[in-house]
Amino acid sequence: MVLALACLASCERKQNQQAAVNIIWWMYSTGQVPKDFEEVLSRANEISEKEIGVTATVQFKTEEQFPLDLTAGEYYDMTFTCDWCNSFDTNARLGYYYDITELAESVSPALYKMIQPWWNIGTLDKRIYGVPMLKDLGAEVFFRLNSDYFEKQKGMTLPEEMKFSELEPLLASYKADFPDFYPLYLGRNGLSGMFQVHERIVSDFLVIPYSKTGTSEGTKIIPIWEDEEYMEMLKSLHRWYKKGYINPDAATTTELPYTLRNPVRSGTAWTGFKGWSDPEKVGFNVKLVRYIGPNMSRRTQQGALFAINAAASEEHAKACLKYMELLYTNRSFRDLLAYGIEGKHFEYYEDTVIRTKIGNENYLMDAFITGPAVSASVVSAGKQLLADAQQWQHVYEAYKSAKMSDTQGFSYDGERTEAEQAAISAIWKSYFSELVTGTVDPDTAMREIAKLSYAAGLQKVLDDAQTQLDDYLEKIK
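Rules used throughout
Residues numbered from 1 in each chain as written. Predicted model: local features only at pLDDT ≥ 70, side-chain atom pairs only at ≥ 80, totals over all residues. Heavy atoms only, no water. Helix = DSSP H or I, 4+ residues; strand = E, 2+ residues; numbered from the N terminus. Buried < 20%, exposed > 50% of the residue type's maximum accessible area, 1.4 Å probe, protein only. Contact = heavy atoms within 4.5 Å. Pairing = 2+ DSSP bridges. Axes fitted to C-alpha atoms, helices over the stretch in contact; angles between N-to-C directions. pLDDT = per-residue confidence, 0-100.

A. Representation of the side chain of Thr81. As for its placement among the helices and strands, Thr81 is situated in strand β3 (residues 78–81). With relative accessibility at 0%, the residue Thr81 sits in the buried group. In this structure, Thr81 is in contact with Asn86, Ser87, Phe88, Tyr97, Ala304, Leu305, Phe306 and Ala307, ignoring residues within four places of it in sequence.

As structure tokens, then:
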């Protein structure tokens, strides 16, 4: 009897091995592949083959490689896609992605349930083409402040939130103590996340301010220079530049020294985030003070999705959905791909994850690259800097009071105005670095940009976008 059961189990394992479907997964990369990735993937394949009869072969793609390989017809089964890389809306509209409207719930019911009510993120024209990898969906932007200096040394009290202009006394204090240094040291891209005061409708130059949400102007598209809040921030930067708070070469430099002489930075994160707070890595204790958000729109929500190749067979499409379902429902599997091998790359502590030295060196990448952040364990910076294990529940609870865009998932189809968009984007980019570093007077620069942009066809783009938005809102009433 024992022999018979052993033979039966052996036969079942062989059948599972023979039935395993291997999917080709295009994974986002900044250009650096973690040293131990293949070892981790091998472990993951053992689990996924046993659990769902699916294994994965990963091909890393940079932001530049995605569109090249996609248009060249290179084959894949599952790919990373989002608003800012391998554009979901564009590619879904062009027919590159598999329509999973009927398959999603029937093939992967647990997945379908766990993503509710956020399926609209991966929906275009009422059809589902992408699976949201849920993470931070609302834009929250923080000053990353040296609390050792501002609080311990200067006796200041850093609040949880402040207005952008309220940073000035902190900059003045530091400059007075260290006249040869720049408290707001910037590179040519300016302060990270500052644009999150508005929803970008067409590239970077046509927007709807979140400050207009819920008003009669909540669906009125305007040129960026008409966003009063954004302009006030640019004016503050210019004032700070003239006062010597910002380095003179900010518009051209890519060097961003993170030292005690660099007490103010900016970053997009979420309330409760601890990733910038480890004094051993940073050199000082960091206090996060929010100055934007939470603001939410289709673009902020589309930080990470997985889509299936429209050319994939139904068998492979189903395999991809089952794989995504496993990422959502199996915590140990999710943590493996997110953080590596337990005991080598990370350890569990107080229901959170703490990376090891080897993990930081050989398997360090953003968790959203390999799946949903909400189903992975939360990372603590250390035993003395524990994160809230229930962090995501709190974040999503706070989203109930976020400023939600009135555009209701609208996505502009810019096919008719491609030439005008390209010309205007080129104009905007030629001024961008000097604007966002405070190097130039924003009023003067924006007048020049406006004149050149209207000459390049801005009104045509604006009218086309507004008409599409109005028609879209009318259809979904």
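There's more to say after this.
B. The arrangement of unusual backbone geometry in detail. The residue after Gln116, namely Pro117, is reached through a cis peptide bond having omega 5 degrees. Note that Pro117 resides in the loop between α6 (109–115) and β4 (123–124). The amide bond that connects Gly293 to the next residue, Pro294, takes the cis arrangement and shows omega of 0 degrees. By the secondary structure assignment, Pro294 is in strand β12 (residues 286–296). In this model, Asn86 sits at a positive phi of 55 degrees, which is unusual for a non-glycine residue. Tracing the chain through its elements places Asn86 in the loop between β3 and α4 (88–93). Positive phi values are uncommon outside glycine, yet Lys126 reaches one of about 70 degrees. Topologically, Lys126 is positioned in the loop between β4 and β5 (127–128).

C. Summary view of the pairing of strand β8 (residues 198–202). In terms of burial, β8 is a largely internal element, five of the five residues being buried. Where β8 meets strand β9 (residues 206–209), four bridges bridge the pair, whose relative direction is antiparallel. Looking at β9, one finds that Arg200 is bridged to Val207. Taking the residues that link successive antiparallel strands as the turn, the β8-β9 hairpin has three residues, and the phi of Ser203 there is positive, at about 50 degrees.

D. Spotlight on the sheet that holds strand β16 (residues 403–404). One open sheet accounts for four strands, arranged β11-β7-β12-β16; its pairing is mixed. Of all strands in the sheet, those bounded by a partner on one side alone are β11 (264–269) and β16. Direction of pairing for strand β7 (residues 139–146) relative to β11: antiparallel, over a ladder of six bridges. Paired with Arg144 across the two strands is Arg265, which belongs to β11.

E. Representation of the sheet that holds β8 within the structure. The three strands lie next to each other as β8-β9-β10, forming an open sheet whose pairing is antiparallel. Single-partner strands in this sheet number two, and they are β8 and β10 (222–223). The sheet contact formed by β9 and β10 spans two bridges and is antiparallel. By the bridge assignment, Leu206 is partnered in β10 with Pro223. The strands that helix α18 (residues 458–475) touches are β8, β9 and β10; relative to β9, the one it contacts most, it runs at about 50 degrees.

F. Main features of the confidence of the model for the chain. Counting all residues, the mean pLDDT for the chain is 93, and 95% of those residues have values of 70 or more. Counting contacts from residues 1–16, a segment whose pLDDT is below 50, to residues more than four positions away or on other chains yields one contact.

G. View of the pairing of β7. A large share of β7 lies buried, amounting to eight of its eight residues. Across the two faces of β7 the burial is the same, with Ala139, Val141, Phe143 and Leu145 and Glu140, Phe142, Arg144 and Asn146 all buried.

H. Looking closely at the side chain of His238. Inspection of the secondary structure assignment puts His238 in helix α9 (residues 228–242). When near neighbours in sequence (up to four residues on either side) are disregarded, His238 contacts Gly438, Thr439, Val440, Asp441 and Pro442.

I. A look at the environment of Phe205. Assignment of secondary structure puts Phe205 in the loop between β8 and β9. Residue classification places Phe205 among the buried residues on the basis of a relative accessible area of 2%. Along the backbone, Phe205 and Leu458 are 253 residues apart, and their C-alpha atoms lie at a distance of 9.3 Å. Look past the residues within four positions of Phe205 in its chain and what remains in contact with it is Ile222, Pro223, Ile224, Gln421, Ile424, Ser425, Leu458 and Val461.

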